[in-house]
Amino acid sequence: RPMLNKEVKLDELSKYFHLPEKAVAKELGICLTSLKKLCRSYGITRWPFRKLKSLERTMKKVQYEEPQGDSPVDPTGKGGEVKRKPYTV
């Protein structure tokens, strides 16, 4: 059943942030333009789906590059220097 804009609260809308805009609009039974207007009314200028995906990829990359227990901090505790891995292209 189509939802009216006034029925969709911000906490309800936030449950869909992991999905693309078009899928959310279809799920809520409203057009994409209405979804964008609803988001703007809550101060959401950009749909967060792509940013969330980007952050997930970054986190996976960091977890993959940093083996468990390998700390980049100097184990001696002197100087507080950070050991960095060489940058490779």
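Draft legend 1. Here's a closer look at the overall build of the protein. On a plain count of helices and strands, the protein comes out with four helices and zero strands. Of the regular secondary structure in the protein, the N- to C-terminal order runs α-α-α-α. Put simply, the protein has 89 residues, and 19% of those count as buried. Considering only contacts in the protein between residues 6 or more positions apart, those separated by 24 or more positions represent 53%. Taken as a whole, the protein presents about 7800 Å² of accessible surface, with 55% of it coming from carbon and sulfur.

Draft legend 2. Summary view of the pattern of salt bridges. This structure, assessed with the given rule, holds one salt bridge. Between Glu 56 and Lys 53 there is a salt bridge; the shortest N-O distance is 3.7 Å. Of the two residues, Glu 56 and Lys 53 are both situated in helix α4 (residues 49–65); the distance of three residues between them amounts to about one turn of the helix.

Draft legend 3. Up close: the nonpolar core. Ranked by internal contacts, the top residues of the largest apolar core, which has 14 residues, are Leu 13, Val 24, Leu 28, Leu 35, Cys 39 and Trp 47. Breaking this core down by element, the ones donating at least two residues are α2 (21–28) and α3 (32–41). With near-sequence residues (within four places) excluded, Leu 35 lies in contact with Leu 13, Glu 21, Val 24, Ala 25, Leu 28 and Ile 30.

Draft legend 4. View of the packing of α2 against α3. Direction vectors running N to C along α2 and α3 enclose 100°, while the axes themselves pass 9 Å from each other. Between α2 and α3, the angle is such that the two are roughly perpendicular. The segment α2 lies against α3, with Glu 21, Lys 22, Val 24, Ala 25 and Leu 28 engaging Leu 32, Leu 35 and Lys 36. Here the contact of α2 with α3 is composed, by residue class, of five nonpolar, no polar and three charged.

Draft legend 5. Structural detail: the environment of Leu 13. As for its position among the elements, Leu 13 is in helix α1 (residues 10–14). Since its relative accessible area comes to 0%, Leu 13 is described here as buried. For the pair formed by Leu 13 and Val 24, sequence separation is eleven residues and the distance between their alpha carbons is 8.8 Å. Among residues more than four places away in sequence, those in contact with Leu 13 are Val 8, Leu 28, Leu 35, Leu 38, Cys 39, Tyr 42, Ile 44 and Trp 47.

Calculation criteria
- Residues numbered from 1 in each chain as written.
- Predicted model: local features only at pLDDT ≥ 70, side-chain atom pairs only at ≥ 80, totals over all residues.
- Heavy atoms only, no water.
- Helix = DSSP H or I, 4+ residues; strand = E, 2+ residues; numbered from the N terminus.
- Buried < 20%, exposed > 50% of the residue type's maximum accessible area, 1.4 Å probe, protein only.
- Contact = heavy atoms within 4.5 Å.
- Areas by Shrake-Rupley, 256 points an atom, 1.4 Å probe, with all protein chains shown as cover.
- Salt bridge = Lys/Arg side-chain N within 4 Å of Asp/Glu carboxyl O.
- Core = buried A, V, L, I, M, F, W, Y, C linked by side-chain atoms within 4.5 Å.
- Axes fitted to C-alpha atoms, helices over the stretch in contact; angles between N-to-C directions.
- Parallel < 35°, antiparallel > 145°, perpendicular 65-115°, else oblique.
- Nonpolar A, V, L, I, M, F, W, Y, C, P; charged D, E, K, R; others polar.

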